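# Structural overview
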Amino acid sequence: MTKYLLTRLRQSLITLFLVSVVVFAGIRALPGDPALALAGEERSPEALAAVRESYGLNDNVVIQYGRFIGHALTGDLGTSSRTGLPVADAIGQALPVTLELAALSLLLAIVVGIGAGVVAAVRRGKPEEWIANAIALIGLSIPTFWLGIVLVLGFAIAVPVFAASGYVPFGTDPVDNLRRMVLPAIVLGSGLAAVVMRQTRAAMLDSLSADYVRTARAKGLSRGSVVGGHALRNSLVTVVTVLGLQLGHLISGAVVTEQIFVLPGFGKLTIDAVFTRDYATLQAVVLCTSAAYILINLLVDVVYSVIDPRIRLGGAR
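All of these numbers come straight from a predicted model, not from anything done at the bench.

With that settled, the discussion passes to the packing of aromatic side chains. Under the criterion given, the structure shown has three aromatic pairs. Among the aromatic residues, ring-to-ring pairing joins F24, Y65 and F68 into one connected group.

A few words on the nonpolar core. Membership of the largest hydrophobic core comes to 36 residues, with the highest contact counts inside it found for L101, V196 and M204. Listed by contribution, the elements that provide at least two residues to this core are α5 (87-122), α7 (144-158), α8 (174-208), α9 (211-218) and α10 (223-252). It is α8 that contributes the most residues to this core, eleven residues altogether. Filtering out sequence-adjacent residues up to four positions away, L101 remains in contact with M181, P184, A185, L188, A254, T257, E258 and L263.

With that settled, consider helix α6 (residues 127-141). With 15 residues, α6 should reach 21 Å at 1.5 Å per residue; the first-to-last C-alpha distance of 21 Å fits that figure. Listed as buried for α6 are E129, A132, N133, A136 and G139. Projected down its long axis, α6 shows its buried positions confined to an angular sector of 125 degrees, all on one face. α6 presents W130, I131, I135, L137 and S141 as exposed residues on the side facing more than 90 degrees away from its buried surface. Looking at the buried side of α6, the elements it contacts are α5 and α8.

Scoring rules and cut-offs
Residues numbered from 1 in each chain as written. Predicted model: local features only at pLDDT ≥ 70, side-chain atom pairs only at ≥ 80, totals over all residues. Heavy atoms only, no water. Phe/Tyr/Trp six-rings, centres within 6.5 Å; stacked < 30°, edge-to-face > 60°. Core = buried A, V, L, I, M, F, W, Y, C linked by side-chain atoms within 4.5 Å. Buried < 20%, exposed > 50% of the residue type's maximum accessible area, 1.4 Å probe, protein only. Helix = DSSP H or I, 4+ residues; strand = E, 2+ residues; numbered from the N terminus. Contact = heavy atoms within 4.5 Å. Expected span 1.5 Å × (residues − 1). Arc of directions from axis to C-beta.

Okay, here's the thing in structure tokens:
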């Protein structure tokens, strides 16, 4: 197990290094001179020269990259040209909002998606399967922005059960926090729940027709034990793969949802950085998002090894 984890960790660190190179080069390849954006409208040749000197833009690209990595390793992600504040502070304020939204959306997807997928597989050809497939198709077809607007009109304005916008930290007021986060979580998690349902159903159908399930039934095990302890456990590798990929998508793809519900999360921070040409913030946001993807994939590999020890043994060779 230790050798397997060390192998995956080494691969993740190499990937993160390559990602940092791509992110740094990609930001530098954007059209326009960063010094022009940093100096503002009232800029003179002296001001541009001072900005380039202050931000090290006159140095060689390799030197700039080395400085960027050195500062990033110490937690210094630069200073925002838009606010003049450290980028790490802005990310520290925005990231918990997006992580909470992603966690609630993932919880919804797991409960609804896996539950509906198991029911659809066990009750194949029955009305329960048709209902589950219909709900999944609706979840995949409805655009996020439209669903968000409809939920706001229905449950925040017509029937004011939930709040339409804004954010309150969970530690400050848990009830008000959930009132503001439930609707965004439904919007962001509905599509993921539909994907998880379809994948769970397909994996469960394969497992239910496998020899080991027929053997378990022949031994006289209860239906719950056969479905939950044998078929579902062996189907979770596929489901975990989907959840891992989609969780990264939730963190980076919450832009539309956060704009609809005016949440001060990672998505809004990204949009503001793009429109104001805040290169330091944009560079840090992309790097953090990439690191989140790599970390999630590492955790997925660990979960694989817990679900199916054969994967761990094969990867340790």
